[in-house]
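Each chain, written out:
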Amino acid sequence: MKDIMMLVGFSMGLLTGALLYKYSQGTKEMIDKGEKKVVKTAKQMEKKAEQGMDEIEKKVKDGVKAMENKMNKTENKQN
């Protein structure tokens, strides 16, 4: 019974939100502004993540080159 009441409450909230969005201009504007802000923030986070990945990739490549150089020097000393 508790689950049914929770489902009914969720459904009523969903229906109320949909009706507010459809018929209330102020609510619609507020939701649209919020959506635009979320999208903008997500794009900024994506750019930061890409920059971070580029930096990590560069560091890994530099580390691999350094290890290769050390291995070559070690091989040259042994020969």
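A quick note: this is a predicted structure, and the numbers were derived from the prediction, not measured.

Asker: Is there a simple way to explain the overall build of the protein chain in this structure?
Answerer: Along its length, the protein chain carries 2 helices and 0 strands. For a compact globule of 79 residues, the expected C-alpha radius of gyration is about 12 Å, and the protein chain comes in at 28 Å, more than 25% above that figure. Seen along its three principal axes, the alpha-carbon backbone of the protein chain occupies a region of about 80 × 35 × 10 Å. Surface exposure of the protein chain reaches about 7800 Å², of which carbon and sulfur atoms provide 62%. Here the protein chain holds 17 positive side-chain charges and 12 negative ones, and the gap between their average locations is 5 Å.

Asker: Mind showing me how you'd approach the pattern of salt bridges here?
Answerer: Close approach of charged atoms lets side chains of opposite charge pair. Inspection of every chain in the model, using the stated rule, returns 1 salt bridge. The partner of Glu57 in a salt bridge is Lys61, with the nearest N and O atoms 3.4 Å apart. In this pair, Glu57 and Lys61 are both assigned in helix α2 (residues 25-78), 4 residues apart and thus about one turn of the helix distant. In this structure Glu57 comes out as partly exposed when scored by relative accessible area, which is 42%.

Asker: Could you clarify how one ought to interpret the packing of helix α1 (residues 2-23) against α2 in this entry?
Answerer: Helix packing geometry: the angle between the two helix axes and the distance between the axes. Across the interface, α1 lies against α2 with an axial gap of 5 Å and an inter-helix angle of 100°. Between α1 and α2, the angle is such that the two are roughly perpendicular. Where α1 abuts α2, its residues Leu20, Tyr21 and Tyr23 lie against Gln25, Thr27, Lys28, Ile31 and Asp32. For the contact of α1 with α2, a count of residues per class yields 4 nonpolar, 2 polar and 2 charged.

Rules behind the numbers
- Residues numbered from 1 in each chain as written.
- Predicted model: local features only at pLDDT ≥ 70, side-chain atom pairs only at ≥ 80, totals over all residues.
- Heavy atoms only, no water.
- Helix = DSSP H or I, 4+ residues; strand = E, 2+ residues; numbered from the N terminus.
- Rg over C-alpha atoms; globule rule 2.2 N^0.38 Å.
- Areas by Shrake-Rupley, 256 points an atom, 1.4 Å probe, with all protein chains shown as cover.
- Lys, Arg positive; Asp, Glu negative; His and termini not counted.
- Charge placed at Lys NZ, Arg CZ, Asp CG, Glu CD.
- Salt bridge = Lys/Arg side-chain N within 4 Å of Asp/Glu carboxyl O.
- Buried < 20%, exposed > 50% of the residue type's maximum accessible area, 1.4 Å probe, protein only.
- Axes fitted to C-alpha atoms, helices over the stretch in contact; angles between N-to-C directions.
- Parallel < 35°, antiparallel > 145°, perpendicular 65-115°, else oblique.
- Contact = heavy atoms within 4.5 Å.
- Nonpolar A, V, L, I, M, F, W, Y, C, P; charged D, E, K, R; others polar.

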